[in-house]
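Tertiary structure, described
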Amino acid sequence: MIADVPLLAQLEAFQTNFDSIQHLISPWYVWPQQTTVHMVVNNVHERDGVGNFVIALYKLMQRHGVPCQLYAEGYEPYLADLVYPLERLADQVKPSDIVIVHFSIYLPQLEQIAALTCCKVLCFYGITPPEFLAAFEPTLADQCQRGYDQGPVTQDFELKAAISEASAVTYRSMLGQADVPVAIIPPVLDPKKWDAIAATAIELPAAPRKFLYVGRVVPHKKIEDLIHLYGEYAALDPDSCLLIAGFNGFHTYQPALQAALERQSEAVRARIHFLGSVTDGQLKSLYQQADAFWMMSEHEGFCIPLLEAMAFDLPVFAFAQTAVRETLAEAGLVFYQKDMAQLAQVVHNTLFDDHQLQQLLAGQRQRCQQLTVASDGRAIWRLLESCLQHIHASSI
């Protein structure tokens, strides 16, 4: 069968475009060509946090001549010739190889991977707590619980990593080992990503003030709390609107959102806009036109949209979930209780007090720079060097 030409073009672009990782540093050691890195993940999809990180790592290794192979159950169609099915992993791995498992939900093959005689690394992203999902997607909630239960299976992995200290704490609790070393490997952050993306038009209301949320529309993101907060804020500033950008894959979550909307007046409902999935160009337009970024999520592993919002100089108002606090540090404005009337007043006061606003933005610019430096690729190369050291020590 002749391959689809657009898919071939996408594959060629994927294999030759290194723009997303060109800012990352090079390794300070020579990679042994007999050692292949095998990366295992449930799914490899662009615009997904785990998928984006795996793609960036693959490109980083490809650029520096590190033999690398991807294994997944689901993937972008144009990656079909690059991604192996997970069943092939055991036949491909040599004792001198490295297997990195990118872990964010139940992985049926994990027990078989744990039995492989090579250097194994578990990179933990966080698993959505099943209690957030049980009422909406019980099957997915069960998969999340089974993922948590798999923690002890990885206790003999030679190295362990997580994308944030918050995720590392969760992983240690899954292992039942509070003092186990876990390397922190922050997501790859490209400070110039948006320079190469042309803003494209997206139809938006004419309100003078626009509040933006970017992310999946799923229960643990607490979209109903965004609606409630905006209902309180709108009473203070009717010339405003709430923009919710992100894919809603949970039809069972819709009734809860509809109920939250129906608790608001008709005038408020008319100013709340669900935009659905947007392109990168449309997302750039949203960041450019918004006046503030709101986040009510109660579970995150790192939260890339927070960094993106700060990069576009949007004041960030976010619930103080552990990973959110870690990502923001002392930037933005976080809250530990969802007293919506109080929060609405605080948001309003901050936006209309230029001194407060500029002070908040200055802190965010500083934090944005710190995060960019921390994600320069050095942590990735350190982890891989630790793998090589383990392989060398085992061969003596």
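These remarks concern the structure in this document. (Residues numbered from 1 in each chain as written. Predicted model: local features only at pLDDT ≥ 70, side-chain atom pairs only at ≥ 80, totals over all residues. Heavy atoms only, no water.)

Turning our attention to the overall build of the protein. Looking only at helices and strands, the protein has 15 helices and 13 strands in total. Computed over C-alpha atoms, the radius of gyration of the protein comes to 22 Å, within 12% of the 21 Å expected from 2.2 N^0.38 for 396 residues, which places it in the range of a compact globule. Along the longest, intermediate and shortest principal axes, the C-alpha atoms of the protein span 70 × 50 × 40 Å. For the protein, buried positions account for 53% of its 396 residues. Within the protein, residue pairs in contact and separated by at least 24 positions form 71% of the contacts whose partners lie at least 6 positions apart. Carbon and sulfur atoms make up 52% of the accessible area of the protein, which totals about 17,900 Å². Each charge class in the protein was averaged separately, 26 positive and 43 negative side chains, and the resulting centres sit 3 Å apart. (Helix = DSSP H or I, 4+ residues; strand = E, 2+ residues; numbered from the N terminus. Rg over C-alpha atoms; globule rule 2.2 N^0.38 Å. Buried < 20%, exposed > 50% of the residue type's maximum accessible area, 1.4 Å probe, protein only. Contact = heavy atoms within 4.5 Å. Areas by Shrake-Rupley, 256 points an atom, 1.4 Å probe, with all protein chains shown as cover. Lys, Arg positive; Asp, Glu negative; His and termini not counted. Charge placed at Lys NZ, Arg CZ, Asp CG, Glu CD.)

Moving on to the sheet that holds strand β3 (residues 83-84). Within a sheet, each strand pairs with its neighbour through backbone hydrogen bonds, oriented either parallel or antiparallel. With respect to topology, seven strands assemble into an open sheet ordered β3-β2-β1-β4-β5-β6-β7, the strand pairing being parallel. Of all strands in the sheet, those bounded by a partner on one side alone are β3 and β7 (183-184). Two strands pair when backbone bridges link them, and strand β4 (residues 98-103) and strand β5 (residues 119-124) are joined in this way by six bridges, in the parallel orientation. Looking at the pairing, Ile100 lines up with Val121 of β5. (Pairing = 2+ DSSP bridges.)

So, on to the environment of Pro67. With respect to the helices and strands, the residue Pro67 is situated in the loop between α2 (49-63) and β2 (68-75). On the accessibility criterion, Pro67 (21% relative accessible area) is partly exposed. Through-space distance from the C-alpha of Pro67 to that of Asp48 is 24 Å; in sequence the pair is 19 residues apart. Pro67 has contacts with Trp31, Gln33, Thr35, Thr36 and Val37, leaving out every residue within four places of it along the chain.

What follows is about the pairing of strand β1 (residues 37-44). Consecutive residues of a regular strand have side chains that alternate between opposite faces of the sheet. β1 sits mainly inside the fold: seven of its eight residues count as buried. The pairing of β1 with β2 spans seven bridges and is classified as parallel. Residue pairing for β2: Asn43 is matched across the bridge by Gly74. Strand direction decides the pairing type here: β1 and β4, joined by five bridges, are parallel. From the neighbouring strand, His38 faces β4, where its bridge partner is Val99.

With parallel pairing, six strands are arranged side by side in an open sheet as β10-β9-β8-β11-β12-β13. Both edges of this open sheet fall to β10 (272-276) and β13 (333-335), since each of them pairs with a single strand only. Recorded for the sheet is a direction-independent mean angle of 20° between the axes of neighbouring strands. As defined by bridge partners, strand β9 (residues 240-245) adjoins β10 across four bridges and the pair is classed as parallel. When the sheet's bridge partners are listed, Ile244 is paired in β10 with Phe274. Docked against the sheet, helix α7 (residues 223-236) engages β8 (209-214), β9, β10 and β11 (292-295), running at close to 170° with respect to β9. (Axes fitted to C-alpha atoms, helices over the stretch in contact; angles between N-to-C directions.)

Glancing now at the nonpolar core. Among the nonpolar cores identified, the biggest contains 141 residues, and Met39, Ile98, Val101, Tyr287, Phe293 and Trp294 are the most heavily contacted of them. The element that contributes the greatest number of residues to this core is α2, accounting for nine residues. (Core = buried A, V, L, I, M, F, W, Y, C linked by side-chain atoms within 4.5 Å.)

Right, let's talk about helix α5 (residues 138-149) for a bit. Taking 1.5 Å of rise per residue, the 12 residues of α5 would be expected to cover 16 Å, and the 16 Å separating its terminal C-alpha atoms lies within 8% of that figure. Residues of α5 that are buried: Ala141, Cys144, Gly147 and Tyr148. Buried residues of α5, viewed axially, fall in a sector of 115°; they line one side. Away from the buried face of α5 by more than 90 degrees, exposed residues Pro138, Thr139 and Asp149 are located. Among the structural elements, β4 and α6 (165-175) are those in contact with the buried residues of α5. (Expected span 1.5 Å × (residues − 1). Arc of directions from axis to C-beta.)

Turning to the environment of His23, a few remarks are in order. By the secondary structure assignment, His23 is in the loop between α1 (5-16) and β1. Looking at His23, the relative accessible area reads 26%, which means it is partly exposed.

What follows deals with helix α14 (residues 354-374). Residues three or four positions apart in an α-helix share a direction because the helix packs 3.6 residues into each turn. Look at α14: 30 Å from first C-alpha to last across 21 residues, which is about the 30 Å you get at 1.5 Å a residue. Next to the buried residues of α14 lie α11 (304-311), β12 (316-319), α12 (322-328), β13 and α13 (340-351). Structurally, the start of α14 carries an N-cap: the backbone nitrogen of His355 is 3.1 Å from a side-chain oxygen of Asp353. (Polar contact = N/O pair within 3.5 Å; in protein donor to acceptor, adjacent residues only side chain to side chain.)

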